[in-house]
Every structure is written in structure tokens, then in C-alpha cells.
Amino acid sequence: MKLHSSRIAATAATVVVLAGFATACNRGSDSTAGSAGGKAAIGIDLPRADSDFWNSYAQYVKQDSSSQGLNTLPVSNSQNDVTKLAANVQVFQNTGAKAVVMAPQDTGAIASALDQLAAKKIPVVSVDTRPDKGNVYMVVRADNKAYGTKACEFLGKQLGGKGKVAELQGALSSINGRDRSEAFAACMKEKFPDIQVIELATDWKGDVASAKLQSTLAANADLGGIYLQAGGAFLQPTLALLQQKGLLKPAGEPGHIAIVSNDGIPQEFDAIRKGDIDATVSQPADLYAKYALFYAQAATEGKTFQPGATDHESTIISLPNGLEDQLPAPLVTKDNVDDKSLWGNNVGN
């Protein structure tokens, strides 16, 4: 894996994606009319462009907007800034959006923007994150507590129930960061009480993760495992640091540090094949895009959904502020890393 080039390539791909959105997905010349080609306009905000996972999601959004024949407004990117997201939402309102797809990274601070959209009767589909307050039409998300539990169970077995594990946590202001952290901690306490978990808060920032992991390695030469809550943000800096320190040993060799990640990006799969990491939980970027757009279009048509099993191997659950479609997210190891059904083996094809 080319550690220094993967993020540059992915970011460049996103620039191309965003440049193509306005022409490829915007049906009709008057985007302020709210509909074109018989379909209502949908506003889409991408949450960031500094993660391989979200760059892959952006590609799928472009593909699915076209394949589903949707009428989308020019796509925005809030760059992990809730203030920018609120401003982008205002633009969507002003240009005739009848539904909005977003992925708020700060799930507590987005409530006022959701209230504003609700007042205008513009339904919202939230991708990957579940807003703490404010009504949503549908949350499209995997079970993030299951991410933490799967990572715990795999690492616990790899370490034989003893040793030290560093956990690179996401932002605890995000429901995803909280869910993964709480589930990982609960599982370790219950099933592997002899494993010491070193929690490292990172705010989803790779440079912060690298700096804190470096300090942890210096103070804990016997570190046996690492849990990366977001491979798209943490994989490259983690592997680069371990390589620099002479600690990047292939799986199965003495001194190997067991690593479990979350995301399911191609770079993680390559790292599993090489033995640099042991496993990842595949967060379905392809299904996030597909069903976020599906629900957004359904919302513009006035359709409603009920809790229960779906026809796409997921379950819709009821929330205090809406519904959530919990999509499947499988654990990927060397045994199934080449499975062609995994989006990480198909992205860009």
C-alpha cells in the first residue's frame, strides 16, 4: 500500500466528483424551481473530504444520483464544520430543495438547522450519524455499537484475553464516536477484564491520532493491539508511525501488533492482505449512498415507512426523533477480504 499517495488520490477523486455533480446530476436549467424532469430537487451535503471513506461515499452519491435519475441541486461539502453545514442548508432552502441529505459530524449542534428545515416542511435524511435532537425523516446508518463490540471480540481473542490495547476514538460529540467507544468499553469490561484499554480521543483527526499513539507507544512498549474507529482517517498515519518505529510486523510474526479498524475502504483490505492489520468492520459506503438517495426521493413523494425488516437485509428501528434504517456491516478478515460483494473491492469499478 502506498501510504502517502492514497489520501492524495482519494481527495483528488473527490474534487473531480464534486466538479461533475452540477452537470451530471442537476436535471433542468432552473434549479430554483424545486423540480425538473418530474422529480423534486434534493440537496446533498457531503460531510468532509479528508477521509478515504467519505471520498468513496461521494463517488457512490454521484453514481447513484445518476442511476436513480434524481434531480439534485449542486452538491456542497461542509468540511466537518456545523456552521458551514447550516449555511449550506440555507442555500438548499433558497434554491428549492424538497428534501436534504446530510451527514452531520457534530450530532448535538445540528438541531437548530433541523428545526429550520422542519419549519419549511423539508424532510431530512441523515447518513451515518444520528442527530441527538431535531426531526429526521430517516437515518441511514449501520449499528455502530456493533462496530465496537466486533472490534473488542476480535482483539480480545487475538490477545488471548490479556495485555494492552490503544483505542483511537472518534469525536465523542458524535453519536458514532460515543456508540463505538461505549460498546468497546462495555465488551472489554465484561469479556476481557484483564485487557487494559488506553482510550485516545482524536476528534476523527489523523494527526491527533498519530501524536497520541506515538506517546502511548513510548510509554507502553508492550502494547498488543490497536482499535482504529475510522480507518479512513487513522489507517495511513497509524501504519506510517508503526513503520517508522520498526513496529510494523506482519500478522503471525513475533512482535505483531493486532489492529482492527472500521470503514472497509480498499486501503484497509490491502493492509489485511499484507498482514499489516488483522480486520476491519466494513461500513457500507455504497449502501449509505444508495439508500440515502432512495429515502430522500421517497420523502419528496410523501411516502412513509414503518419499523421492521426491510427487503435489503436491514432493520428499520424507531427513534424519538424519527426512523433509522440499520444496514449490515460485516467483519472483514483475511478469510473473506477478497469477497466481491464487499464495496471496498468494487469502489471505482
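Residues numbered from 1 in each chain as written. Predicted model: local features only at pLDDT ≥ 70, side-chain atom pairs only at ≥ 80, totals over all residues. Heavy atoms only, no water.

Participant: Go over helix 6 (residues 175-191), please, and point to the residues and values.
Facilitator: With 17 residues, helix 6 should cover 24 Å at 1.5 Å per step; its first-to-last C-alpha distance of 24 Å lies within 8% of that length. For helix 6, every residue scored as buried is listed here: Ile-175, Asn-176, Gly-177, Asp-179, Arg-180, Ser-181, Ala-183, Phe-184, Cys-187 and Met-188. For helix 6, the secondary structure elements touched by its buried residues are strand 7 (138-142), helix 5 (144-158), strand 8 (163-169), strand 9 (195-201), strand 10 (225-228) and strand 11 (258-263). A distance of 3.1 Å separates the backbone nitrogen of Asn-176 from a side-chain oxygen at the start of helix 6, and that oxygen is part of Ser-174. (Helix = DSSP H or I, 4+ residues; strand = E, 2+ residues; numbered from the N terminus. Expected span 1.5 Å × (residues − 1). Buried < 20%, exposed > 50% of the residue type's maximum accessible area, 1.4 Å probe, protein only. Contact = heavy atoms within 4.5 Å. Polar contact = N/O pair within 3.5 Å; in protein donor to acceptor, adjacent residues only side chain to side chain.)

Participant: I'd like to hear about the pattern of salt bridges, residue by residue, with values.
Facilitator: By the definition in use, this model includes 13 salt bridges. The residue Arg-130 makes a salt bridge to Glu-324 at a minimum N-O spacing of 2.7 Å. Separated by 194 residues along the polypeptide, Arg-130 in the loop between strand 6 (124-127) and strand 7 and Glu-324 in strand 15 (residues 322-327) bring together distant segments of the chain. Given a relative accessible area of 0%, Glu-324 falls into the buried group. With a closest N to O distance of 2.5 Å, Lys-191 and Glu-153 form a salt bridge. One end of the pair, Lys-191, is in helix 6; the other, Glu-153, is in helix 5, and 38 residues separate them in sequence. Classification of Lys-191 by relative accessible area gives partly exposed; the value is 41%. Through salt bridges with shared partners, a single network forms among Arg-130, Arg-141, Lys-145, Asp-179, Glu-182 and Glu-324. (Salt bridge = Lys/Arg side-chain N within 4 Å of Asp/Glu carboxyl O.)

Participant: Which residues make up the confidence of the model for the protein, and what are the values?
Facilitator: Looking at the protein as a whole, the pLDDT averages 89, with 89% of positions reaching at least 70. Counting interchain partners and residues more than four positions distant, the pLDDT-below-50 stretch residues 1-36 has 72 contacts. (pLDDT = per-residue confidence, 0-100.)

Participant: Give a detailed account of the side chain of Asn-345, specifying residues and quantitative values.
Facilitator: Mapped onto the elements, Asn-345 comes out in the segment after strand 16 (331-332). Judged by relative accessible area, which is 15%, Asn-345 ranks as buried. Not counting residues within four places of it along the chain, the set of residues in contact with Asn-345 comprises Phe-269, Arg-273, Val-337, Asp-338, Asp-339 and Lys-340.

Participant: Residues and numbers for the nonpolar core, please.
Facilitator: Counting residues in hydrophobic clusters, the biggest one holds 54 residues, and the most contacted among them are Tyr-57, Val-101, Val-140 and Tyr-288. The element contributing the most residues to this core is helix 10 (residues 285-300), with 10 residues. Not counting residues within four places of it along the chain, the set of residues in contact with Val-101 comprises Ile-42, Gly-43, Ile-44, Asp-45, Tyr-57, Val-125, Val-127, Ala-292 and Ala-296. Core analysis: the next-biggest nonpolar cluster, separate from the first, contains 28 residues, Trp-204, Ala-209, Leu-223 and Leu-235 among them. (Core = buried A, V, L, I, M, F, W, Y, C linked by side-chain atoms within 4.5 Å.)

Participant: Tell me about the sheet that holds strand 8, and please be specific about residues and values.
Facilitator: The six strands are arranged 9-8-10-11-12-16 in an open sheet whose pairing can be described as mixed. Strands at the two margins of the open sheet, each flanked by one partner only, are strand 9 and strand 16. Of the strand pairs in this sheet, strand 8 and strand 9 are connected by seven bridges, and their pairing is parallel. The partner of Glu-167 across the bridge, within strand 9, is Glu-199. Across the face of the sheet, helix 6 comes into contact with strand 8, strand 9, strand 10 and strand 11 while running at roughly 165° to strand 8. Helix 9 (residues 266-274) contacts strand 11, strand 12 (279-282) and strand 16 of the sheet and is inclined by roughly 150° relative to strand 12. (Pairing = 2+ DSSP bridges. Axes fitted to C-alpha atoms, helices over the stretch in contact; angles between N-to-C directions.)

Participant: Give me the lowdown on the state of the cysteines, citing residues and values where you can.
Facilitator: Throughout the structure, instances matching the rule amount to one disulfide. Each disulfide pairs two cysteine sulfurs, and for Cys-152 the partner residue is Cys-187, the sulfurs being separated by 2.1 Å. Its torsion about the S-S bond being -75°, the disulfide of Cys-152 and Cys-187 is classed as left-handed. Placement of the pair is Cys-152 in helix 5 and Cys-187 in helix 6, with a sequence separation of 35 residues. Taken individually, Cys-152 and Cys-187 each receive the classification buried, so the pair is uniform in this respect. (Disulfide = S-S within 2.5 Å.)

Participant: An account of the pairing of strand 7 is requested, with residue identities and associated values reported.
Facilitator: Counting buried residues in strand 7 gives five out of five residues, a clear majority hidden from the surface. Side chains Met-138, Val-140 and Ala-142 of strand 7 all project onto a buried face; the interleaved residues Val-139 and Arg-141 project onto the opposite face, where all are buried too. Judged from the four bridges that link them, strand 7 and strand 15 form a sheet pairing that is parallel. Residue Val-140 lies in a different strand from strand 15, and its bridge partner there is Asp-325.

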